[in-house]
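Residue-level structure breakdown
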Amino acid sequence: MADEPIYNHSHRAFLQVFLARSVLTFEEAQPILAAIISAKDGEYSSRHILPADITPADLTTYISTLNTELSPLDLEIRSSTIQSAKPSEPSEKVYALVNTVSDDLTQLATTHSPDDIAFVKRLLDAMFETYNTRSAEVCAVREAQALNLAKVRRESGVGGVNGDGATQGGQGSSLTMVQAQEVLGRLVEEGWFEKSRGDYYSLSARALMELRGWLVDVYNEEGEDGEKRIKFCEACGDIVTVGQRCSDRDCICRLHNHCLQRFFRAHPDHKCPRCKTHWDGDRFVGEKAARAQPPRNSAASARPSAPTSRRTTTTTLVDDEVDEQDGEGQEEGEDEEE
């Protein structure tokens, strides 16, 4: 199919699809683009375009043309690869319409109440602080752990957030279990969260693209422990919430599972590109990190988590051993304070 760099009604129709669905894969885009091109007036109106006729280059051309028109509106169609749980699983790229400027939790404000947003902030604090430690970078929460955050703790000062990452509007009100389950279901349905077969909730590829700037601003400001919570893939540069980590705890090198094989084909020595430690492949990021047995004396060498001045965490962490207990990290932290 020939390139169509001129913005026309077919591009507008394709943009409407993104406005309605937010996220598309190439396979989902093929029949849509085929139908749009077949219906429009012009060079291709004389014959029916099949989904198989649409190539990745065609999709890239349409997206490039749309991004040129969307740029003044601070919008952009970006792509990212879904973070698979296993290196052997086929990777799938997704395309999402994102806001390039106001990439914070106010993105959800049009469809969720302030109490819902406060609940989401508590979930993100749990994903990237409570269950993202030196000994276990889970970056996800189990359903029971998520529901445990429905109730506002008295030390929690989390409410909605503004563009600077500061809290606003107080800490919000507690949600019932039913309300929390409904919010979680909507977040999955809207494409912000993903739920695994192991009942873990994590940020979707769309959310990682849209909230990238906000996540870095909020969770990568160094606190007393000097730890930066958001790590990036050494191969592709995207945020890693599922993958592998260097066996040296002090090294920040991380790799997505879908980037591993390609990366080590180019680096056959299987050494960390940063610290040159041998890459064992048995240190994980994501849900698998919660199931992995921590090395002996890990609690003694782990540093406690501490909130930074930019945010108020939902729990008080005692040490990394508390972090690794399913659904009990928050409650034990509160008992310590009381």
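An account of the accompanying structure is given in this report. It should be emphasised that the depicted structure is a prediction, and the values quoted were computed from it without experimental measurement.

What to know about the sheet that holds strand 11 (residues 284-285)
One open sheet holds the 3 strands; their spatial order is 10-9-11, and the pairing between them is antiparallel. One side of each edge strand has no neighbouring strand; the edge strands of this open sheet are strand 10 (254-256) and strand 11.

Considering the environment of Val240
Checked against the element boundaries, Val240 lands in the loop between helix 8 (212-219) and strand 9 (243-245). Each C-alpha atom of the pair Val240 and Asn257 lies 9.4 Å from the other, and the pair is 17 residues apart in sequence. With sequence-adjacent residues up to four places away left out, Val240 is seen in contact with Gln83, Lys231, Phe232, Cys233, Arg254, Leu255, His256 and Val285.

Observations regarding the sheet that holds strand 1 (residues 23-25)
Spatially, 1-3-2 is the arrangement adopted by the 3 strands of the open sheet, whose pairing is antiparallel. A strand with exactly one partner marks an edge of an open sheet, and here the two such strands are strand 1 and strand 2 (75-81). Across this sheet, the average inter-strand angle for adjacent strands is 25 degrees, counted without regard to direction. In the sheet, strand 2 pairs with strand 3 (residues 93-99) via 7 bridges, with the strands oriented antiparallel. Bridge assignment links Ile77 to a residue of strand 3, and that residue is Leu97.

Focus on the nonpolar core
Among the nonpolar cores identified, the biggest contains 37 residues, and Phe119, Leu123, Phe193, Leu203 and Leu215 are the most heavily contacted of them. Mapped by element, the contributors of at least two residues to this core are helix 4 (114-130), helix 5 (143-148), helix 6 (177-189), strand 8 (200-203), helix 7 (205-210) and helix 8. With 7 residues, helix 4 is the single largest residue contributor to this core. Of all hydrophobic cores here, the second largest spans 22 residues; its members include Phe14, Ile49, Ile54 and Tyr95.

As for the packing of aromatic side chains
Enumeration according to the criterion identifies 6 aromatic pairs in this entry. Ring centres of Phe128 and Tyr219 lie 5.6 Å apart, and the angle between their planes is 35 degrees; this geometry places the pair in the tilted category. Remark: Tyr219 occurs in helix 8 and Phe128 occurs in helix 4; sequence separation between them is 91 residues. Exposure class is identical for Phe128 and Tyr219. Each is buried. Centroid distance Trp214 to Tyr219: 5.9 Å. Interplanar angle 85 degrees. Geometry classified as edge-to-face.

Cut-offs and rules
Residues numbered from 1 in each chain as written. Predicted model: local features only at pLDDT ≥ 70, side-chain atom pairs only at ≥ 80, totals over all residues. Heavy atoms only, no water. Pairing = 2+ DSSP bridges. Helix = DSSP H or I, 4+ residues; strand = E, 2+ residues; numbered from the N terminus. Contact = heavy atoms within 4.5 Å. Axes fitted to C-alpha atoms, helices over the stretch in contact; angles between N-to-C directions. Core = buried A, V, L, I, M, F, W, Y, C linked by side-chain atoms within 4.5 Å. Buried < 20%, exposed > 50% of the residue type's maximum accessible area, 1.4 Å probe, protein only. Phe/Tyr/Trp six-rings, centres within 6.5 Å; stacked < 30°, edge-to-face > 60°.

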